[in-house]
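Spelled out, the chains give:
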Amino acid sequence: MQTGKFCDIADDFVHGENFRCGSFVIIEKGVVVGNNVRIEDYAVLKSGVRLGDNAAVEEFSMLLSGSRVGNGTKIGTYTKVGKNAVIGDNCKFTSFCEIRDNCILGNNVSMGSRGTLSADTHIEDNVIMKYSFVVTDTPVLGHEKDKKVGILKRGSRFGANVTIMPGVNIGENAEIGACSQVRNDVPDGEVWYGNPARFFKKQN
Amino acid sequence: MQTGKFCDIADDFVHGENFRCGSFVIIEKGVVVGNNVRIEDYAVLKSGVRLGDNAAVEEFSMLLSGSRVGNGTKIGTYTKVGKNAVIGDNCKFTSFCEIRDNCILGNNVSMGSRGTLSADTHIEDNVIMKYSFVVTDTPVLGHEKDKKVGILKRGSRFGANVTIMPGVNIGENAEIGACSQVRNDVPDGEVWYGNPARFFKKQN
Amino acid sequence: MQTGKFCDIADDFVHGENFRCGSFVIIEKGVVVGNNVRIEDYAVLKSGVRLGDNAAVEEFSMLLSGSRVGNGTKIGTYTKVGKNAVIGDNCKFTSFCEIRDNCILGNNVSMGSRGTLSADTHIEDNVIMKYSFVVTDTPVLGHEKDKKVGILKRGSRFGANVTIMPGVNIGENAEIGACSQVRNDVPDGEVWYGNPARFFKKQN
């Protein structure tokens, strides 16, 4: 195994062929990664993390205990993956993203910089979220323990600066324009935008 | 004292019982922390920082010189606390937060991810700020040296993506809805929202 | 050369007088910096990076391969400068900023926290961007490879939370109010705001 300088790697670390590792990396106990995996400088993989083949974890990112990342997925710089989160294959997270505990994401999901997914968010395959996306979770301010998140269904797409309010579901292949606040469920195949977001048209 | 690997800790560091410390941690001169304090990997405490009992500083966070953090307060991941900032007891900052120099925060203040408080912001007790909150400070673009920030009074609450314009004050127990821009002072006990935010109703 | 602890610095590193360097710093091959340069803790300068005199790179920041930073420019905390980006003199980036690959920025450019510039963005001299600014680049969601970015001309100014849509150009000395989404080109010397942004008045 070839690593950079000053790494703190547990003895039981298991990796496949062609493993590359930067400097100042932490890998805790029970971590298993596949072939052709790349871990960049200052990344930390907490206990029990699993990464598929061809996965990458970029600089200053952290994967918390028990999280799983699929084949070919890239966890970009300054990104936090919460405890027991499960992320599918060929996903891409740019920078400053936050996938909180127990989120479940499908395959081919992409998120631009500064996205936040509240805990337990469920995202299906082929979903595209651009810059500064957020799934919120607190329906009533001051009652922070009563949380509620919706589902983003397969093929849904979101422009920059979209806010999904608590418990709101987004339909298959729906599209939400930039700078929108979505307060209501959006049916399959519709385009909505605005603050609050309203129906604009059906997808072609 | 038990620490992780490769730490850079000043000789005069003072800590209470049950101190826990990750790897790649920097603690400069003159730092004093209480009992049951937890400092996670890649955290840096600059000179003269003080932390109360049961406080936590999570991964990739930085506390600048002279800042003070109360008992039971958690400084979340990727969070920056400015010089001489004073933060009360039992506060919580999620991730990617920025509390700039000389801010003063009361007790039980919570801030979701990606919040920014301009320098000298004053926040009273029991204030809740959700995701991507910002207190701005430049009334006239191009005159960056003339700064002005308001006060967030006790019990005020803010949904996701709220922008407080320079010098705007928020009253006690006032509530501001998600995705609002607040340009005017909000009186005690009122609910406002919108861009720009307008009066909606009195609190019950 | 005086450095902090646990640094990983290439043998061929070239620096001028009064170089200061924190702990846990990475400097790769082919890096050249001028006089009075300051590199703070956990910063990484990838191969071939060049910094002018009096430049500073703050904590947790990264400069990717081939990027160039002018004299007196400050790269703030948690900031990422992309490959081959070129940044002029006396610029200032606060925190959590992202200047993507091949961006070209003039002199005296300032960006508040959490700004993102898409790849290839061109910014002229004396531009001011406040908190959470973004230049987007994907005109059609789902066609992520067809990217388009506009130019921000000299002296243009942007309040907090402004989103520039793909390919939109901003004129000289134009000003965009806080919380605006800009969908159309803005002529020289005009003030616009809103979501979507509309003409408000001519600059005085």
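Scroll up to find the structure.
Just so it is clear, the model here is predicted, and its values are computed rather than measured.

Attention shifts here to the overall build of chain A. Looking only at helices and strands, one finds zero helices and 28 strands in chain A. Against the compact-globule benchmark of 17 Å for 204 residues, chain A has a radius of gyration of 18 Å, which places it among compact chains. Structurally, chain A occupies a C-alpha span of about 55 × 40 × 20 Å along its principal axes. Within the span of chain A, comprising 204 residues, buried residues form 59% of the whole. For chain A, the computed accessible surface area is about 7600 Å², with 43% contributed by carbon and sulfur atoms.

Attention now goes to the pattern of salt bridges. Under the defined criterion, the tally for this structure stands at 40 salt bridges over all chains. The partner of Lys 5 of chain B in a salt bridge is Asp 8 of chain A, and the shortest N-O contact between them spans 4.0 Å. Residue Lys 5 of chain B is found in the segment before β1 (8–9), and its partner Asp 8 of chain A is found in strand β1 (residues 8–9); the two belong to separate chains. The closest approach of N and O atoms between Arg 38 of chain A and Glu 58 of chain A, which form a salt bridge, is 3.7 Å. Placement of the pair is Arg 38 of chain A in strand β5 (residues 38–39) and Glu 58 of chain A in the loop between β8 (56–57) and β9 (62–63), with a sequence separation of 20 residues. One connected set of salt bridges, linked through shared partners, spans Glu 28 and Lys 46 of chain A together with Asp 41 and Glu 59 of chain B.

In this section: the relation of the copies chain B and chain A. Between the two copies of the chain lies a rotation about an axis combined with a shift along it. Superposing chain B onto chain A takes a rotation of 120 degrees plus a shift of 0.0 Å along the axis, which leaves an RMSD of 0.0 Å. Both chain copies can therefore be described as sitting about a three-fold axis.

On to the relation of the copies chain C and chain A, then. Between chain C and chain A, the superposition needs a rotation of 120 degrees and an axial shift of 0.0 Å, giving an RMSD of 0.0 Å. An asymmetric contact is evident, with only 19% of the interface residues of chain C recurring at the interface of chain A.

Moving on, we come to the side chain of Ser 156 of chain B. Residue and element names in this part refer to chain B. Among the structural elements, Ser 156 can be located in the loop between β22 (151–152) and β23 (157–158). A polar atom in the side chain of Ser 156 sits 2.8 Å from the backbone oxygen of Lys 153. Residues contacting Ser 156, with those up to four places away along its chain left out, are Asn 126, Val 127, Ile 128, Ile 170, Gly 171, Asn 173 and Ala 174.

Residue and element names in this part refer to chain B. Tallying each qualifying case throughout the model produces 39 aromatic pairs over all chains. With a centroid separation of 4.7 Å and 5 degrees between ring planes, the pair formed by Tyr 78 and Phe 96 is classed as stacked. Here Tyr 78, found in the loop between β11 (74–77) and β12 (80–81), pairs with Phe 96, found in the loop between β14 (92–95) and β15 (98–99); they are 18 residues apart in sequence, far enough to count as distant. A residue is classified by how much of its surface remains accessible, and Phe 96, at 1% relative accessible area, is buried.

Turning next to the side chain of Thr 163 of chain A. One can find Thr 163 of chain A in strand β24 (residues 163–164). In this structure Thr 163 of chain A touches Val 134, Thr 136, Ser 180, Gln 181 and Val 182 of chain A together with Ala 160, Asn 161 and Cys 179 of chain B, once residues within four positions along its chain are discounted.

This next bit is on unusual backbone geometry. With omega at 0 degrees, the peptide bond leading from Asn 195 of chain B into Pro 196 of chain B counts as cis. Relative to the elements of secondary structure, Pro 196 of chain B occurs in the loop between β27 (190–194) and β28 (197–202). At Asp 120 of chain B, a residue that is not glycine, the phi angle is positive and equals roughly 70 degrees. Relative to the elements of secondary structure, Asp 120 of chain B occurs in the loop between β18 (116–117) and β19 (122–123). The phi dihedral of Phe 24 of chain C falls on the positive side, at around 55 degrees, and the residue is not glycine. By secondary structure assignment, the location of Phe 24 of chain C is in the loop between β2 (20–21) and β3 (26–27).

Residues and elements named next belong to chain A. If you walk across this open sheet you meet the seven strands as β4-β7-β10-β13-β16-β19-β22, and the pairing is parallel. Of all the strands in the sheet, just β4 (32–33) and β22 (151–152) have a single pairing partner and so form its edges. Across two bridges, strand β13 (residues 86–87) lies against strand β16 (residues 104–105) in parallel orientation. Each bridged residue has a counterpart across the sheet, and for Ile 87 the counterpart in β16 is Leu 105.

Reading guide: rules and limits
- Residues numbered from 1 in each chain as written.
- Chains lettered and ligands numbered in written order.
- Predicted model: local features only at pLDDT ≥ 70, side-chain atom pairs only at ≥ 80, totals over all residues.
- Heavy atoms only, no water.
- Helix = DSSP H or I, 4+ residues; strand = E, 2+ residues; numbered from the N terminus.
- Rg over C-alpha atoms; globule rule 2.2 N^0.38 Å.
- Buried < 20%, exposed > 50% of the residue type's maximum accessible area, 1.4 Å probe, protein only.
- Areas by Shrake-Rupley, 256 points an atom, 1.4 Å probe, with all protein chains shown as cover.
- Salt bridge = Lys/Arg side-chain N within 4 Å of Asp/Glu carboxyl O.
- Least-squares fit on C-alpha atoms with pLDDT ≥ 70 in both.
- Contact = heavy atoms within 4.5 Å.
- Polar contact = N/O pair within 3.5 Å; in protein donor to acceptor, adjacent residues only side chain to side chain.
- Phe/Tyr/Trp six-rings, centres within 6.5 Å; stacked < 30°, edge-to-face > 60°.
- Pairing = 2+ DSSP bridges.

All we've got here are geometric facts, nothing functional implied.
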